[in-house]
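Summary of structural features
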Amino acid sequence: MVTCPVCDASIDVEEDELDEGESLTCDECGAELTVAGLDPLELHPADDGDEDEDDFDFDEDEDDEEESEEDEEGDEEDWK
């Protein structure tokens, strides 16, 4: 029996049927898990990467808005 690294619940899986890199879901907390090792069996929370990418994109968008405002101000000055 293996436990979820997120909520420590027991996960009922056939350990000998798992492969390294395989994904599974904890029935108790719904966490997406990845088999990190087989001997001993290790599960790690799956790294989807979405959070980091979203944060990075948000920062880029914020910078783009500042540049756009500066461009608009410059266009107004040229127009006058």
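Keep in mind that this is a model prediction, so the values were computed, not measured. (Residues numbered from 1 in each chain as written. Predicted model: local features only at pLDDT ≥ 70, side-chain atom pairs only at ≥ 80, totals over all residues. Heavy atoms only, no water.)

Counting its secondary structure elements, the chain contains one helix and five strands. Listing each helix as α and each strand as β along the chain from the N terminus yields β-β-β-β-β-α. Across the 80 residues in the chain, those meeting the buried criterion constitute 18%. Sequence separation of 24 or more characterises 18% of the internal contacts of the chain that already satisfy a separation of 6 or more. Summed over all atoms, the accessible surface of the chain reaches about 6600 Å², with 38% contributed by carbon and sulfur. (Helix = DSSP H or I, 4+ residues; strand = E, 2+ residues; numbered from the N terminus. Buried < 20%, exposed > 50% of the residue type's maximum accessible area, 1.4 Å probe, protein only. Contact = heavy atoms within 4.5 Å. Areas by Shrake-Rupley, 256 points an atom, 1.4 Å probe, with all protein chains shown as cover.)

Turning next to the sheet that holds strand β3 (residues 23–25). Here three strands make up an open sheet; going across it, the order is β3-β4-β5 and the pairing antiparallel. With one partner strand each, in any of the chains shown, β3 and β5 (41–45) form the two edges of the open sheet. Averaged over all adjacent pairs, the angle separating strand axes in this sheet is 40 degrees, with direction ignored. Pairing analysis gives three bridges linking β3 to strand β4 (residues 32–38), with the strands arranged antiparallel. When the bridges of β4 are listed, Ser23 appears paired with Thr34. (Pairing = 2+ DSSP bridges. Axes fitted to C-alpha atoms, helices over the stretch in contact; angles between N-to-C directions.)

All right, on to the pairing of β5 then. One ladder, built from five bridges, connects β4 with β5; its direction is antiparallel. Paired with Gly37 across the strands is Glu42, a residue of β5. Counted along the chain from β4 to the antiparallel partner β5, the turn is two residues long.

With 12 residues, the main nonpolar core is built from Val2, Cys4, Ala9, Ile11, Leu18, Leu24, Cys26, Ala31, Leu33, Val35, Leu41 and Leu43. Put simply, the parts of the chain that give this core at least two residues each are β4 and β5. With sequence-adjacent residues up to four places away left out, Ala31 is seen in contact with Val6, Leu24, Thr25 and Cys26. (Core = buried A, V, L, I, M, F, W, Y, C linked by side-chain atoms within 4.5 Å.)

The next subject is a negative patch on the surface. The grouping of Asp12, Glu14, Glu15, Asp16, Glu17, Asp27 and Glu28 at the surface amounts to a negative patch. With respect to the secondary-structure elements, Asp12 resides in the loop between β2 (10–11) and β3. (Patch = residues over 30% accessible without salt bridge, like charges linked within 9 Å, V, L, I, M, F, W, Y side chains within 5 Å. Salt bridge = Lys/Arg side-chain N within 4 Å of Asp/Glu carboxyl O. Lys, Arg positive; Asp, Glu negative; His and termini not counted. Charge placed at Lys NZ, Arg CZ, Asp CG, Glu CD.)

Within the chain, residue pLDDT values average 77, and 59% of them lie at 70 or more. In this model, residues 51–56 is a region of pLDDT below 50 whose contacts with residues beyond four sequence positions or in other chains number zero contacts. (pLDDT = per-residue confidence, 0-100.)

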